[in-house]
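A structural walkthrough
Given next are the chains, with one letter for each unit.
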Amino acid sequence: MLNEQQSGKMWSGRFREPLDPEFEAWQRSIVFDWRLLDEEIAASKAHASALLAAKILTKDETAELRAALDAIAAEHASEAGKALVRDHATAEDIHHFVELKLVERIGPLGLKLHTGRSRNEQIATDLRLYVRAQINLVVKALAAWAGALVEQARAAGDSVMPSYTHMQRAEPVLVAHWLLAYVEMALRDAGRLRDCAARLNFCPLGSGAVAGATLALDRNLAARELGFTAPTANSIDATSDRDFILEYLQALTFVGLHLSRFAEEITLFATAEFSFITLPEAFSTGSSAMPQKKNPDLTELIRGKVGRIHGAAEAVTLQLKGLPLAYNKDLQETQEPAFSVDFVPQMLKLVARFTAALRFNRERMSKTAQSGCLNAMAAATYLVHKGVPFRTAHEKIGHAVRFAIEKGVELGALTLDELRQFGTEFEEDFFAAVTLAATLDCHDVTGGTARERVRQALATASEHIAGLGAHTSTQEAVHAGS
Ligand code: ARG
């Protein structure tokens, strides 16, 4: 028989043979779950509090354990310290690592901490804390991007550009209106992530291995200490649930989707063919072959990198599908997909700085918005105000557009006599109804591109972005405290 000292394991009692060395190395999770050290320490401290309340630990023992846990966290906070965790020679996972370190520091008292708990509830708790903290980082970074978009929108003033449907010029819109479209996406993304954070914010500690702790622990104590809303309701579910990882990844796929639509538009608008945008040199690269090139590597890499997020969500879906209750080791495999999207906050912050550095070629955008009869809908609306049914107005303006195209001019350059071939309703005030300003301002509805509406939308968007910052601070404090 092997004892724990000989095997160095948390579970050696019933085993006669040591593990196959290759299998042993292959099944260890410390090589990736080292990232959960802070969460493991916070959860362990909370468990110690619950053990004190249950009179399993004395006050002194609890204080000694909690201090030792803090010391372990401090010892491994630096990059070099983190490498020591990752490269640990014998720890099976982060839970085992902390136990080994505790025993090194305070002897047998360190072994008492595992009373009334299981690694199954620990990993479930650590991962919830980790995802919650990541969500805060992503939401903050989304707020930074949305803030940069709003700043650009403000700076754009009354600049205009064509909007597109079917990738064909549609109607003139304010550049600010186009930028605010992305702000809406970022705000929805933040909302989805915050929903996910609220749903996951229940504490699995006290769920035991599957059936609940074997000690009458006050689960509220640990839940409160860790900033959770309440303890989880069902031990079988709590120890086997990883929905929150999947939900987090799925919410991130929307972030990726929106970033990649933005990246695609910027890439396109920066082409010589569009010439709407001058790429910031600080975020572009040259070609080793073609000396004239300035390439949009940042937006291209974003388009490319978001594939990873979708891959991670798909991996976790497949890992969870068909998994029987409750804990199965398969669940360990959900960790790496969760960690693999760590790049998202940094990517968003880069996009925020890139967005702030964009320069719009206002003249070109404005010229493009005013060629190709993009005021045709405004012109049809003019006829509607003269009592013409829209269907008929559409037809009449269609004829006028065809005439203008053949003549090589814009609608506003036709003479009244020319216009009257297509309808007797045309009068002198037609020309004022199809100016750029009128074409914008006729969209005077909530969410429309009328200049006053966009000014209001800017103010509302700024308020919503400020609200994001206010919301993240509570849970951040909890994490910082761990
Ligand atoms: N490293 C394990 C994981 O990530 C921790 C839980 C281990 N539990 C067990 N019964 N072997 O899933």
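We now turn to the structure provided with this report.

Cut-off values and rules
Residues numbered from 1 in each chain as written. Predicted model: local features only at pLDDT ≥ 70, side-chain atom pairs only at ≥ 80, totals over all residues. Heavy atoms only, no water. Helix = DSSP H or I, 4+ residues; strand = E, 2+ residues; numbered from the N terminus. Rg over C-alpha atoms; globule rule 2.2 N^0.38 Å. Buried < 20%, exposed > 50% of the residue type's maximum accessible area, 1.4 Å probe, protein only. Contact = heavy atoms within 4.5 Å. Areas by Shrake-Rupley, 256 points an atom, 1.4 Å probe, with all protein chains shown as cover. Salt bridge = Lys/Arg side-chain N within 4 Å of Asp/Glu carboxyl O. Phe/Tyr/Trp six-rings, centres within 6.5 Å; stacked < 30°, edge-to-face > 60°. Lys NZ or Arg CZ within 6 Å of the ring centre and 35° of its normal. Near = heavy atom within 4 Å. Nonpolar A, V, L, I, M, F, W, Y, C, P; charged D, E, K, R; others polar. Pairing = 2+ DSSP bridges. Patch = residues over 30% accessible without salt bridge, like charges linked within 9 Å, V, L, I, M, F, W, Y side chains within 5 Å. Axes fitted to C-alpha atoms, helices over the stretch in contact; angles between N-to-C directions. Parallel < 35°, antiparallel > 145°, perpendicular 65-115°, else oblique. Left-handed = near helix turned anticlockwise from the far one by under 90°. Polar contact = N/O pair within 3.5 Å; in protein donor to acceptor, adjacent residues only side chain to side chain.

What follows is about the overall build of the protein chain. From N to C terminus, the protein chain includes 23 helices and 6 strands. Expected size for 482 residues packed as a compact globule is a radius of gyration near 23 Å; at 30 Å, the protein chain overshoots this value by more than 25%. Going through the 482 residues of the protein chain one by one, you find that 48% of them count as buried. A separation of at least 24 residues holds for 74% of the contacts in the protein chain among residues at least 6 apart in sequence. Total accessible area computed for the protein chain in this model is approximately 22900 Å², and 55% of it derives from carbon and sulfur atoms.

The next thing to look at is the pattern of salt bridges. Across all of its chains, the model carries 25 salt bridges by this definition. Arg-303 is the salt-bridge partner of Glu-264, the closest N and O atoms lying 2.6 Å from each other. Taken together, the residues span a long stretch of sequence, with Glu-264 in helix H13 (residues 243-269) and Arg-303 in helix H14 (residues 297-320) at a distance of 39 residues. The shortest N-O distance in the salt bridge between Lys-386 and Asp-429 comes to 2.9 Å. In this pair, Lys-386 sits in the loop between helix H18 (376-385) and helix H19 (390-407) while Asp-429 sits in the loop between helix H20 (416-420) and helix H21 (430-433), placing the two residues 43 residues apart along the sequence. With a relative accessible area of 29%, Lys-386 lands in the partly exposed category.

The full count for this structure, using the stated rule, is 19 aromatic pairs. Ring geometry for Trp-178 versus Phe-360: centroids 6.2 Å apart, planes at 85°, classification edge-to-face. Here Trp-178 is found in helix H10 (residues 175-200), whereas its partner Phe-360 is found in strand S6 (residues 359-360), with 182 residues between them in sequence. For Trp-178, a relative accessible area of 10% translates into the label buried. A residue is classified by how much of its surface remains accessible, and Phe-360, at 16% relative accessible area, is buried. Put simply, the rings of Trp-145, Tyr-164, Trp-178, Tyr-182, Phe-262, Phe-269, Phe-274, Phe-276 and Phe-360 pair up and form one aromatic cluster. Over the aromatic face of Phe-254 sits the side chain of Arg-192, whose NZ or CZ is 3.9 Å from the ring centroid.

A separate point is the site of the ligand. Taken together, Ser-29, Asp-93, His-95, Arg-119, Asn-120, Ile-123, Tyr-327, Gln-332 and Gln-335 make up the full set of residues near the ligand. Residue composition of the shell around the ligand, by class: 2 nonpolar, 5 polar and 2 charged.

Below, the discussion takes up the pairing of strand S1 (residues 160-165). Judged from the 5 bridges that link them, S1 and strand S2 (residues 168-174) form a sheet pairing that is antiparallel. Its bridge partner lying in S2, Tyr-164 is registered against Arg-169. Linkage of S1 to S2, two consecutive antiparallel strands, is achieved through a turn of 2 residues, within which His-166 is found at a positive phi near 55°.

The next point concerns a nonpolar patch on the surface. On the surface, Val-210, Ile-236 and Leu-325 cluster together into a nonpolar patch covering about 270 Å² of accessible area. The exposure class assigned to Val-210 is partly exposed, which follows from its relative accessible area of 35%.

Another aspect to go through is the packing of H18 against H19. Where H18 meets H19, the closest approach of the two axes is 8 Å, and the angle between their N-to-C directions is 130°. One element, H18, and the other, H19, form an angle in the oblique class. In the crossing of H18 with H19, the sense of the turn from one axis to the other is right-handed. Every residue of H19 that contacts H18 at Ala-376, Ala-379, Ala-380, Leu-383 and Val-384 is listed here: Phe-390, Ala-393, His-394, Lys-396, Ile-397 and Val-401. Across the contact of H18 with H19, the residue classes break down as 9 nonpolar, 1 polar and 1 charged.

Time to look at the side chain of Ser-159. Relative to the elements of secondary structure, Ser-159 occurs in the loop between helix H9 (119-156) and S1. Here Ser-159 falls in the buried class, since its relative accessible area comes to 11%. Looking at Ser-159, its side chain comes within polar contact range of the main-chain oxygen of Ala-156, at 2.5 Å. For Ser-159, the residues in contact, after removing those within four places along its chain, are Val-173, Leu-174, Val-175 and Arg-362.

Here we come to the packing of H13 against helix H16 (residues 344-357). How two helices sit against one another is set out by the angle between their axes and by the gap between those axes. Between H13 and H16, the least distance of the axes is 12 Å, while the angle of their chain directions is 30°. On the basis of their axis angle, the class for H13 and H16 is roughly parallel. As for the relative orientation of H13 and H16, their crossing is left-handed in sense. Mapping the contact onto sequence places Leu-252, Val-255, Leu-259, Phe-262 and Ile-266 in H13 and Val-344, Met-347, Leu-348, Val-351, Phe-354 and Thr-355 in H16. Tallied by class, residues from the contact of H13 with H16 come to 10 nonpolar, 1 polar and no charged.

Here we take up the environment of Phe-97. Within the secondary structure, Phe-97 sits in helix H7 (residues 94-106). Classification of Phe-97 by relative accessible area gives buried; the value is 0%. Along the primary structure Phe-97 and Leu-279 are separated by 182 residues, whereas in three dimensions their C-alpha atoms are 48 Å apart. Residues in contact with Phe-97, not counting those within four places in the same chain, are Ile-30, Leu-37, Ile-72, His-76, Leu-84, Val-85, His-88 and Ala-91.

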